[in-house]
Amino acid sequence: MSIKSSSTRYGSVAIAIHWLTALMIVGLFATGLLAAAQVDPAAKLALLRAHLPLGAGVLLLTLLRIVWWLVADRHPALPADQPNWQKLTARAVHFSLYAVVLVTASSGIATIILSGALPAIVGSATLPNLETVLPRAVHGITTRLMLGLLALHIGAALYHQFIRRDRLLSRMGVGAA
Ligand code: HEM
């Protein structure tokens, strides 16, 4: 498989970044929701110590992905017989996913810095109340927005795979072409 995408399928770099990001986002939702619901400060801190590097990793992978598309790679074309409204919706959802991941990761970092939580994360200080800073509220809202976009994104992939049966998932490395 070529490292760059062709007109009909994604290249190995785009596929690796896509699935690694997907896996890390599952871990981020698990650790983020558990941390937010946690009342025991030590358990909350342990969850955040797993959440933060994952979030920073997703931010770096997303920036890498954007640079990769801008300087080195081109998206494969969407199936020619697909209605225009579906092509436009797919582009809008993909663009919104990039935007929402960037805002979510940035608001998470801003929450840690502005609430003064960094000494607790890297040292032994007590974790302050994170709810007092505005980026914490932004983080809560954008993660819900991301869930909605992911539902559309995954729903569209399943529609292609099982209703249109055009094997679109194989372009992203799943199953035979
Ligand atoms: C795309 C990346 C990320 C996703 C999908 C994500 C997801 C989540 C979710 C679902 C929550 C629970 C929110 C709620 O229930 O209100 C959360 C909380 C949180 N996240 Fe993230 N997060 C990401 C990146 C980051 C980053 C980069 C940081 C900081 C470096 C961060 C710091 C936090 C903090 C401090 C909380 C609050 C936990 C609490 O209230 O106890 N997140 N995150």
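Structure first, text after, so check above.
These numbers come from a predicted model, not from an experiment.

Enquirer: Provide a residue-level description of the overall build of the protein chain, including the pertinent values.
Expert: Each helix and strand in the protein chain was counted, giving five helices and zero strands. Expressed as lengths along the three principal axes of its C-alpha atoms, the size of the protein chain is roughly 55 × 30 × 25 Å. Split into buried and exposed, the 177 residues of the protein chain put 16% on the buried side.

Enquirer: I'd like a description of the environment of Y10, backed by residues and values.
Expert: Its place among the elements puts Y10 in the segment before helix 1 (12–37). We classify Y10 as buried; it has 22 C-beta atoms within 10 Å. Measuring from C-alpha to C-alpha, the distance between Y10 and W68 comes to 12 Å, with 58 residues separating the pair along the chain.

Enquirer: Kindly report on the site of the ligand, identifying the contributing residues and their values.
Expert: Close to the ligand lie 27 residues, the nearest being G32, A36, G55, G108 and G140. Residue assignment for the shell around the ligand shows that the elements contributing at least two residues are helix 1, helix 2 (41–71), helix 3 (84–114) and helix 5 (134–164).

Enquirer: Any chance you could break down the nonpolar core for me, citing the residues and the numbers?
Expert: In terms of nonpolar packing, the biggest core is built from seven residues, these being I25, L28, V58, V100, V101, A105 and M146. Within the residue set of this core, elements represented by two or more residues are helix 1 and helix 3. Looking at this core element by element, the count peaks at three residues for helix 3.

Enquirer: I'd like to hear about unusual backbone geometry, residue by residue, with values.
Expert: Residues other than glycine seldom take positive phi values, yet R165 does so here, at roughly 50°. At R167, a residue that is not glycine, the phi angle is positive and equals roughly 50°. In this fold, R167 is placed in the segment after helix 5.

Enquirer: Explain the packing of helix 3 against helix 5 to me, and be specific about the residues and the numbers.
Expert: Relative to each other, helix 3 and helix 5 sit at 155°, their axes nearing to 8 Å. Taken as axis vectors, helix 3 and helix 5 run roughly antiparallel relative to one another. The handedness of the crossing between helix 3 and helix 5 is left-handed. Residue-level contacts link A90, V93, S96, L97, V100, V103, T104, S107, G108, A110, T111 and L114 of helix 3 to P135, R136, V138, H139, T142, T143, L145, M146, L149, L152, H153 and A156 of helix 5.

Rules and cut-offs
- Residues numbered from 1 in each chain as written.
- Predicted model: local features only at pLDDT ≥ 70, side-chain atom pairs only at ≥ 80, totals over all residues.
- Helix = DSSP H or I, 4+ residues; strand = E, 2+ residues; numbered from the N terminus.
- Buried ≥ 20, exposed ≤ 12 C-beta atoms within 10 Å, placed from the backbone.
- Near = placed C-beta within 6 Å.
- Core = buried A, V, L, I, M, F, W, Y, C linked by C-beta atoms within 7 Å.
- Axes fitted to C-alpha atoms, helices over the stretch in contact; angles between N-to-C directions.
- Parallel < 35°, antiparallel > 145°, perpendicular 65-115°, else oblique.
- Left-handed = near helix turned anticlockwise from the far one by under 90°.
- Contact = placed C-beta atoms within 7 Å.

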